[in-house]
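# A look at the structure
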Amino acid sequence: MDPDMELTFNLSLVGYLAASLFAAINLFSKNRQRLATVVTATLIAAVTVQTVYMGLRWIAAERAPFSNMFESLVLFAWAVVVVHLALRIRLDVPVLGVVTALFAALTLAYASTFFESAIKPLMPALRSNWLAVHVFTCFMGYGAFALASAASVAYLIVARAGAPANGTAAALDTATAKTISFGFLFLTAGIITGAVWANSAWGTYWSWDPKETWSLITWFIYAVFMHCRFMRGWSGRRAAWVSIAGFASVVFTYFGVNYLLSGLHSYAK
Amino acid sequence: MNPVTVETPSRSFTGMVSGLFASVKFAVTLVVIITAACVVGSVLPQGTEVAAYLERNPAASGRFAVFGKLGLTHVFHSWWFMGLLAVFSVSVATCSARRLATARRTTGYARVRSLGSMTTHISLLCILAGGIIRGMWGEKGDIEFREGETKGFFVVEKGWRPLPFALHLAKFEIETYGQENKPRGSRGTGGAASGNAVGERLVVSWPEKKVTADFPVQIGIERVLAPKDQAVTAENSFHVKVLQYVPDFSVDLQTRQVRSRSNRPNNPAIYVAIVGPGYQNHRWLFAKFPGFNTRPGGSPTEAGPLTMTYESQGGMRAAAMPSGPIKSFKSSLKIVEDGKVVRDRTVEVNSPFAYKGYTFFQTGYNPQDLTWTSLQVVRDPGVPIVYAGFALMLAGLFTVVYVSPRMAAREA
Ligand code: HEM
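Residues numbered from 1 in each chain as written. Chains lettered and ligands numbered in written order. Predicted model: local features only at pLDDT ≥ 70, side-chain atom pairs only at ≥ 80, totals over all residues. Heavy atoms only, no water.

### So, the overall build of chain B
Scanning chain B for helices and strands turns up seven helices and 17 strands. For chain B, with 412 residues in total, the buried portion stands at 42%. Pairs at least 24 apart in sequence give 55% of the contacts found in chain B among residues at least 6 apart. When the accessible surface of chain B is totalled, it reaches about 21,800 Å², and 59% of it is carbon and sulfur. (Helix = DSSP H or I, 4+ residues; strand = E, 2+ residues; numbered from the N terminus. Buried < 20%, exposed > 50% of the residue type's maximum accessible area, 1.4 Å probe, protein only. Contact = heavy atoms within 4.5 Å. Areas by Shrake-Rupley, 256 points an atom, 1.4 Å probe, with all protein chains shown as cover.)

Written as structure tokens, this is what we have:
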């Protein structure tokens, strides 16, 4: 890696680690308000540095840096932090600060340890501006769903331990619904831009390949969530489980389809 | 966002049916069933994958016969999946109609939200309608041609379809990373009749007559070597012809055939025929090994009356394929109608060309023959409706998850 890029990458990683630490302390502190501000400020600083890193990479590659496993993991970390900062949930649920910062730090570390970070030229099919829009919108959705599922898991833990009328549990429940609404809009945009791209590259906006099919499955699960939650008034444990199922589907679409289904298919061939 | 109460269905039969179809419970059940079908369709081998799968797992053939009957090996084209989508459409249509009533009754953010949700549901109908139009009236196939060819039809799964105009391929190009601006080298296999690159020379001398000549290497062209100022006769001339060129000479150990190990000029060689007074021979000449001339079988040749050297600067056909990772491939097309060129466009991957409802997509090339290309041809009259559906869906969802909650917050 170019030294400037390496520096910004490492700085943002350190920033996220620091934010995780502050956020963890915040969970047990008396003066929540002040520490919460520190956590937010650290996250903003780290994500700004990460944005600079992605900008440098964009310039060096002469294309959006969203095209392989390493780049998409970096984008995933970025999206979780941006969604966390953009939605007001961070003010209500301090535990999500820990989750966000730790998720970002671990994802960056994982990406740089296990995946090739060198900039590679793109194959013809990927050379399109739709790539940038499609991947960006999908990952904003994924970032929101990651936060929502974290809130759901936290809800299940807190709701089991605490009394029924628990303030934190209620905040987590609301956070789940808010982030899913936000994520659903972006996932929808992601699937649509993918379809438009496929149509402009191959003349077919939908071909039921496993990745497409799984993105649709994910979308259906969150559509079910939206209807159950907002029309049937589902909340609490039931809603939390739908949210967790939705994120399991996201993870499967992102990793599993590549390793399991294409593996099954290539085995079949 | 707070839960919204759902209307209770009316008592009449049609009211009950439409109430069922429009209910959220029904919608959710339906979506769950369709989701399960998608899981099955993505996990089980589908369509053409089945045969290959059974080849590997013959034991599964009994199971797959049953799967086939149930439509599980072609889920997304099966009658029951189409049926589910049909019920889905009816359900979405009824609930949209009912939303209209809600929108009329409510005001403020609640009304905006109803309208947003209605738009979202109508968008689903648009997308499905567009898919149906494609299935009924769409066409999809391929055109394969070489540079200079003109075609007025395309090949579909069963036969071919005419185009209402003719398509001419003027030029096909492959662009690789790192050489965008350089022209592509000459190409094709070594058997072509001519073609040469600067710096490829065959130097021949005939010591006995004290003549030397320096010919450009051109396949199939006969050169004559004779003393200057004398009439060319059979007695005082040699005829030299380059028959073949390989960029990376090697001999297949099994077949004893000469072949090229790669397209790079690692070991450029030419095969030359020589005919002269009392002498006739064929031999390979190597640019990198001037002293080592061989016969076709690989045995060294005896020194003849001529000395020959092949001088190469990078090989005659630097590579059949341009080197480096492929960046793009492009076809320059001309649309011909009534004998006139009416459009002139270049298509490349991710940049198709549409004319009179037909869209041409750059799809393939042949590394062995770079004058050949394949295009996909698609006619899909449903696309505008599908795209309208996409736009409505984004607008509707944006209204539901962003505009209406903001209004609600402001009204509160
Ligand atoms: C999978 C595709 C679907 C999507 C993306 C979708 C999306 C939505 C959205 C965004 C809402 C509004 C939620 C809110 O106001 O907070 C909604 C509400 C609703 N949906 Fe769907 N929906 C889908 C399928 C269906 C189907 C098949 C039905 C069939 C009955 C249906 C029936 C309803 C009803 C009755 C409402 C309440 C509408 C209102 O009060 O405005 N939905 N849907």
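Read on, since the account is not over.
### Some details on the packing of aromatic side chains
For the structure on display, the rule yields 37 aromatic pairs over all chains. The interplanar angle of 5° and the centroid separation of 3.9 Å between the aromatic rings of Trp208 of chain A and Phe76 of chain B together place this pair among those described as stacked. One end of the pair, Trp208 of chain A, is in the loop between helix H7 (167–202) and helix H8 (210–230); the other, Phe76 of chain B, is in the loop between helix H4 (61–69) and helix H5 (79–105), on a second chain. In this structure Trp208 of chain A comes out as partly exposed when scored by relative accessible area, which is 23%. Ring-pair connections join several aromatic residues into one group, and the members of that group are Phe76, Phe103, Phe139, Tyr142, Tyr254 and Phe255 of chain A. The positively charged end of Arg238 of chain A is found above the aromatic ring belonging to Trp234 of chain A, 4.4 Å away from the centroid. The aromatic ring of Tyr358 of chain B is capped on one face by Arg379 of chain B, whose charged end is 5.8 Å from the ring centroid. (Phe/Tyr/Trp six-rings, centres within 6.5 Å; stacked < 30°, edge-to-face > 60°. Lys NZ or Arg CZ within 6 Å of the ring centre and 35° of its normal.)

### Brief notes about the coordination of the iron atom of the ligand
For the iron atom of the ligand, the full set of protein donor atoms is His227 of chain A (NE2) and His121 of chain B (NE2), at a range of 1.9 Å. Between the six donor atoms coordinating the iron atom of the ligand, the angles at the centre fall across 87 to 180°, so the site counts as octahedral. Of this pair, His227 of chain A sits in helix H8 while His121 of chain B sits in helix H6 (residues 108–137), each in a different chain. (Donors = N, O, S within 2.8 Å, 3.2 Å for Na, K, Ca; no water. Tetrahedral: all angles 85-135°; square planar, octahedral: opposite > 155°, others 65-115°.)

### A few points about the confidence of the model for chain A
Summarising the model, chain A shows a mean pLDDT of 86, and 93% of its residues fall at 70 or more. Within the model, the stretch residues 263–269 of chain A combines pLDDT values under 50 with 12 contacts to residues more than four positions away or in other chains. (pLDDT = per-residue confidence, 0-100.)

### Let's talk about the sheet that holds strand S4 (residues 201–206) of chain B
Residues and elements named next belong to chain B. Taken together, the three strands give an open sheet; going across it, the order is S5-S4-S12, and neighbouring strands pair in antiparallel fashion. If you trace the sheet from one side to the other, it starts and ends with strand S5 (211–216) and strand S12 (307–311), each paired once. When the angles between neighbouring strand axes are averaged without regard to direction, this sheet yields 15°. Sheet analysis places S4 next to S5, joined by six bridges and oriented antiparallel. Paired with Ser205 across the bridge in S5 is Thr212. (Pairing = 2+ DSSP bridges. Axes fitted to C-alpha atoms, helices over the stretch in contact; angles between N-to-C directions.)

### Structural notes on the site of the ligand
Neighbouring residues of the ligand: 26 residues in total, closest His227 and Met231 of chain A together with Ser91, Arg113 and His121 of chain B. At the ligand, the nearby residues belong to more than one chain, namely chains A and B. Take Ser117 of chain B: an N or O atom from its side chain is 3.0 Å from an oxygen atom of the ligand. Secondary structure elements with two or more residues in the shell around the ligand: H8 of chain A together with helix H1 (13–22), helix H2 (24–43), H5, H6 and helix H7 (383–411) of chain B. For the shell around the ligand, the element with the most residues is H6 of chain B, which contributes six residues. When grouped by side-chain class, the residues that make up the shell around the ligand number 17 nonpolar, seven polar and two charged. (Near = heavy atom within 4 Å. Polar contact = N/O pair within 3.5 Å; in protein donor to acceptor, adjacent residues only side chain to side chain. Nonpolar A, V, L, I, M, F, W, Y, C, P; charged D, E, K, R; others polar.)

### Overview of the nonpolar core
Ranked by size, the top nonpolar core spans 123 residues in total, and within it Tyr16 and Trp219 of chain A carry the most contacts. Both domains that furnish three or more residues to this core are identified here as domain 1 (1–121) and domain 2 (124–269) of chain A. Those residues in contact with Trp219 of chain A that sit more than four places away from it in its chain are Phe184, Leu187, Thr188 and Ile191 of chain A together with Leu124 and Met393 of chain B. Membership of the second largest hydrophobic core comes to 23 residues, among which are Phe165, Ile174, Tyr358 and Leu375 of chain B. (Core = buried A, V, L, I, M, F, W, Y, C linked by side-chain atoms within 4.5 Å. Domains from an automatic or database assignment.)

### Topic: the packing of helix H1 (residues 3–28) of chain A against helix H2 (residues 32–61) of chain A
All names here are of chain A. Between H1 and H2, the shortest axis-to-axis distance is 8 Å and the interhelical angle comes to 160°. Comparing their axes, H2 and H1 come out roughly antiparallel. Once H1 is placed against H2, the crossing between them reads as left-handed. When grouped by side-chain class, the residues that make up the contact of H1 with H2 number 22 nonpolar, six polar and three charged. (Parallel < 35°, antiparallel > 145°, perpendicular 65-115°, else oblique. Left-handed = near helix turned anticlockwise from the far one by under 90°.)

### Some words on unusual backbone geometry
Its identity is not glycine, yet Trp208 of chain A carries a phi of approximately 55°, on the positive side. Its identity is not glycine, yet Lys356 of chain B carries a phi of approximately 50°, on the positive side.

### Thoughts on the interface of chain B and chain A
With 53 residues of chain B in contact, the opposing surface of chain A contributes 47 residues. Interface area lost by chain B to chain A is led by Ser42, Asn350 and Phe390 of chain B, which between them contribute 13%. Remark: the boundary between chain B and chain A carries zero salt bridges. Elements supplying a minimum of two residues to the side of chain B that touches chain A: H2, helix H3 (49–56), H6, strand S13 (326–337), strand S17 (369–379) and H7 of chain B. Examining the composition of the side of chain B that touches chain A, we find that 11 residues originate from one element, H2 of chain B, more than from any other. Among the residues forming the side of chain B that touches chain A, the class breakdown is 34 nonpolar, 11 polar and eight charged. (Buried area = accessible area lost by both parts, 1.4 Å probe. Salt bridge = Lys/Arg side-chain N within 4 Å of Asp/Glu carboxyl O.)

### Notes on the domain arrangement of chain A
Residues and elements named next belong to chain A. Here chain A is described as being made up of domain 1 (1–121) and domain 2 (124–269). Each of domain 1 and domain 2 has a C-alpha centre, and the two are 20 Å apart. Across the boundary between the two partners, domain 1 contributes 24 residues, which contact 25 residues of domain 2. Here domain 1 meets domain 2 over a buried area of about 2,000 Å², counting both sides, of which 88% is carbon and sulfur. Its largest share of buried area at the contact with domain 2, domain 1 owes to Phe66, Phe76 and Val83, together 25% of the area lost on that side. Between the two partners, domain 1 and domain 2, sit zero salt bridges. Applying the counting criterion to the domain 1 and domain 2 interface returns two residue pairs in polar contact (both at pLDDT 80 or more).

### Here we look at H7 of chain B
Look at H7 of chain B: 40 Å from first C-alpha to last across 29 residues, which is about the 42 Å you get at 1.5 Å a residue. Roughly 45° is the biggest bend found in H7 of chain B, and it falls at Thr399 of chain B. Among all positions of H7 of chain B, only Val383, Val386, Gly389, Phe390, Met393, Gly396, Leu397, Thr399, Val400, Val401 and Ser404 of chain B are buried. Tucked into the core, H7 of chain B has its buried residues touching H7 and H8 of chain A together with H6 of chain B. (Expected span 1.5 Å × (residues − 1). Bend = angle between axes of the 7 residues up to and from the residue.)

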